[in-house]
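Breakdown of the fold
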Amino acid sequence: MIRTLTAIVLRPTPFQEGGLIVSFLTEHGERLVGLAKGAKKPTAKWVSSFEPLSLVTVSFFGKEHVELRRITRCELQHSPLILGHLESNLVVACLADLFDRLAKEGLEDDRLFRLLSACARALKQTPERAMAILAYAEHWLLHCLGLLPHPRLCGRCGREDTPLVLFSEEHGWCCSACTPVDPEEALPAGAKEHLRLLRTLPAEEAPEPDATEAARAITLLLRERLLRELGGARSYDVLFKLLI
Ligand SMILES: [Zn+2]
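Residues numbered from 1 in each chain as written. Predicted model: local features only at pLDDT ≥ 70, side-chain atom pairs only at ≥ 80, totals over all residues. Heavy atoms only, no water.

Things to note about the overall build of the protein chain
How we decide: Secondary structure follows DSSP: runs of H or I at least 4 residues long count as helices, runs of E at least 2 residues long count as strands, and numbering of each begins at the N terminus. Restricting the calculation to C-alpha atoms gives the radius of gyration, and the globule rule supplies 2.2 Å times the number of residues raised to the power 0.38. The cut-offs for exposure are 20% and 50% of the maximum accessible area for each residue type, with area from a 1.4 Å probe on protein chains only; residues under the lower value are buried, those over the upper are exposed, and the others partly exposed. When checking whether two residues touch, look at their non-hydrogen atoms; a contact exists if any pair is within 4.5 Å. Using a 1.4 Å probe, accessible areas were evaluated by the Shrake-Rupley method; residue-level cover was limited to the displayed protein chains.
Looking only at helices and strands, the protein chain features six helices and seven strands. Listing the helices and strands of the protein chain from first to last along the sequence gives β-β-β-β-β-α-α-α-β-β-α-α-α. Scaling as 2.2 N^0.38, a compact globule of 244 residues should have a C-alpha radius of gyration of about 18 Å, and the protein chain matches this with 20 Å. Here the protein chain holds 244 residues, and 48% of them are scored as buried. In the protein chain, the proportion of contacts linking residues at least 24 apart, taken out of those at least 6 apart, comes to 60%. As displayed, the protein chain has an accessible area near 12,500 Å², and 54% of this comes from carbon and sulfur atoms.

Encoded structure:
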């Protein structure tokens, strides 16, 4: 049976005899893996289609529920990679890594596909804003995982007119009225406003992660939470080693 889908390439891994095993995020938000035989040979016409975050039309051949389907066709529609733009290309690798580990085979979540394709388009348009787009993706991934409560109301006392001072795993966002926090350790003023920008703006207008003290604190907090959930990510080690 042949099945043709729109999908985003996540991770290509070399396989025997010049083949590639490639993971994809399908348009339905499911992770699918296929084998592209001979994809690494110089004559292979489809090799450029297997770069991370490429939007492709891909055909799989194989029975349902078979571990490894064969890729019979893969046509490139769009790639966010930009020759020579190191920061943006490293962010592409981080996003591919995050989605490769969070998307699941047999579990459709089309929010994941919408998020990743919006981020890929924004990266191509404004590669210099790559770090803002990464922070935007991290925020929405936490939301999709159910790990990020809405910041409008305090998760502990329910007030909405007080500043947020703390994010706890037990209560979520906690406000200054119910949660005494050492001023040194409290979230900076404007945390709620930065979270509102993340929730309401499209990917191409993602707020800068270092625009304000609150933006910096929220970006770090959300990134740490996500990476803790994943048990770390090598793509981030590479990103930070090269950018610092
Ligand atoms: Zn409160």
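Some remarks on the coordination of the zinc ion
Convention followed: Metal coordination here is assigned from N, O and S atoms located within 2.8 Å of the ion, or within 3.2 Å for Na, K and Ca; omission of water means that sites may look incomplete. For four-coordinate sites, all angles between 85 and 135 degrees define a tetrahedron; for four- and six-coordinate sites, opposite donors beyond 155 degrees with the remaining angles between 65 and 115 define square planar and octahedral shapes respectively, and all other cases count as irregular.
Coordination of the zinc ion by the protein comes from Cys 154 (SG), Cys 157 (SG), Cys 175 (SG) and Cys 178 (SG), over a distance range of 2.3 to 2.4 Å. One can describe the site at the zinc ion as tetrahedral: its four donor atoms subtend angles covering 100 to 118° at the metal. Motif for the zinc ion, donor spacing along one chain: C-x2-C-x17-C-x2-C. On the criterion of sequence distance, the pair formed by Cys 154 in the loop between α3 (130–144) and β6 (164–168) and Cys 178 in the loop between β7 (172–175) and α4 (191–200) is long-range, its members being 24 residues apart.

Description of the domain arrangement of the protein chain
Where interface size is given, it is often the accessible area lost as the parts come together that is meant. Threshold: Domain limits in this description derive from either an automatic procedure or a database domain assignment. Reported buried area values correspond to the accessible surface (1.4 Å probe) lost by two parts on association, with both partners' losses combined. In the sections that follow, a salt bridge refers to a side-chain nitrogen of Lys or Arg positioned within 4 Å of a carboxyl oxygen of Asp or Glu.
Considered domain by domain, the protein chain is made up of domain 1 (2–127) and domain 2 (141–233). For domain 1 and domain 2, the distance between their C-alpha centroids amounts to 31 Å. Domain 1 puts 13 residues into the contact, and the matching count from domain 2 is 11 residues. Carbon and sulfur atoms make up 75% of the surface buried where domain 1 meets domain 2, a total of about 1,000 Å² over both sides. Our count for the contact surface shared by domain 1 and domain 2 stands at zero salt bridges.

Some details on the sheet that holds strand β2 (residues 19–26)
Threshold: By definition, two strands form a pair when at least two bridges between them are found by DSSP. Each axis is a line fitted through C-alpha atoms, taken for helices only over the stretch in contact, and angles between the N-to-C directions span 0 to 180 degrees.
Spatial strand order, β1-β2-β3-β5-β4: five strands in a closed barrel with mixed pairing. Each strand axis lies, on average, 50° off the axis of its neighbour in the sheet, ignoring direction. Of the pairings in the sheet, the one linking strand β1 (residues 2–15) to strand β4 (residues 55–61) comprises seven bridges and is antiparallel in character. Paired with Arg 3 across the strands is Phe 60, a residue of β4. Across the sheet, helix α1 (residues 86–102) touches β1, β2 and β3 (31–36), and the angle it forms with β1 is around 110°. Relative to β1, helix α2 (residues 110–125) is tilted by about 65°, and along the sheet it contacts β1, β2, β4 and β5 (69–78).

Considerations on the packing of aromatic side chains
Here the distance between the centres and the angle between the planes together describe a pair of aromatic rings. Going by this rule: Aromatic rings from Phe, Tyr and Trp, with only the six-membered ring used for Trp, were paired whenever their centres fell within 6.5 Å, and each pair was classed as stacked if the ring planes differed by under 30 degrees, edge-to-face if by over 60, and tilted otherwise.
In this structure the tally under the stated criterion is three aromatic pairs. Centre to centre, the rings of Phe 24 and Phe 60 are 5.5 Å apart; their planes meet at 90°, and the pair counts as edge-to-face. Of this pair, Phe 24 sits in strand β2 while Phe 60 sits in strand β4, and the two are 36 residues apart along the sequence. As far as the burial class goes, Phe 24 and Phe 60 line up, both buried. Between Tyr 236 and Phe 240 the ring centres are 6.2 Å apart and the planes differ by 40°, which places this aromatic pair in the tilted class.

Some remarks on the side chain of Lys 192
Keep this limit in mind: Working convention for charge: Lys and Arg count positive, Asp and Glu count negative, and His plus the chain ends are omitted.
Note that Lys 192 resides in helix α4. One buried charge, Lys 192, has no salt-bridge partner; the nearest side chain with opposite charge is Glu 160, at 6.6 Å.

As for α3
Side chains of residues three or four places apart in an α-helix project in the same direction, reflecting 3.6 residues per turn. To keep things clear, this is the line we draw: The span you would expect from a helix comes to 1.5 Å times its residue count less one.
In this model, α3 (15 residues) spans 21 Å end to end at C-alpha, consistent with the 21 Å of a helix rising 1.5 Å per residue. Counting buried residues in α3 gives 14 out of 15 residues, a clear majority hidden from the surface. Remark: Gly 146 follows α3 within two positions and exhibits a positive phi of approximately 75°.

Side note on the nonpolar core
Note the threshold: As used here, the term nonpolar core means buried Ala, Val, Leu, Ile, Met, Phe, Trp, Tyr and Cys residues forming a set that is joined through side-chain atoms within 4.5 Å.
Within the largest apolar cluster, 53 residues are counted, with the highest numbers of intra-cluster contacts made by Leu 53, Leu 95, Phe 99, Leu 134, Trp 173 and Leu 222. Within the residue set of this core, elements represented by two or more residues are β1, α1, α2, α3, β6, α4, α5 (213–230) and α6 (234–243). By residue number, the principal contributor to this core is α3, which donates 11 residues. Counting residues domain by domain, this core receives three or more from each of domain 1 (2–127) and domain 2 (141–233). Sequence-distant contacts of Leu 222, defined by excluding residues within four places in its chain, comprise His 139, Leu 142, Leu 148, Trp 173, Leu 195 and Leu 198.

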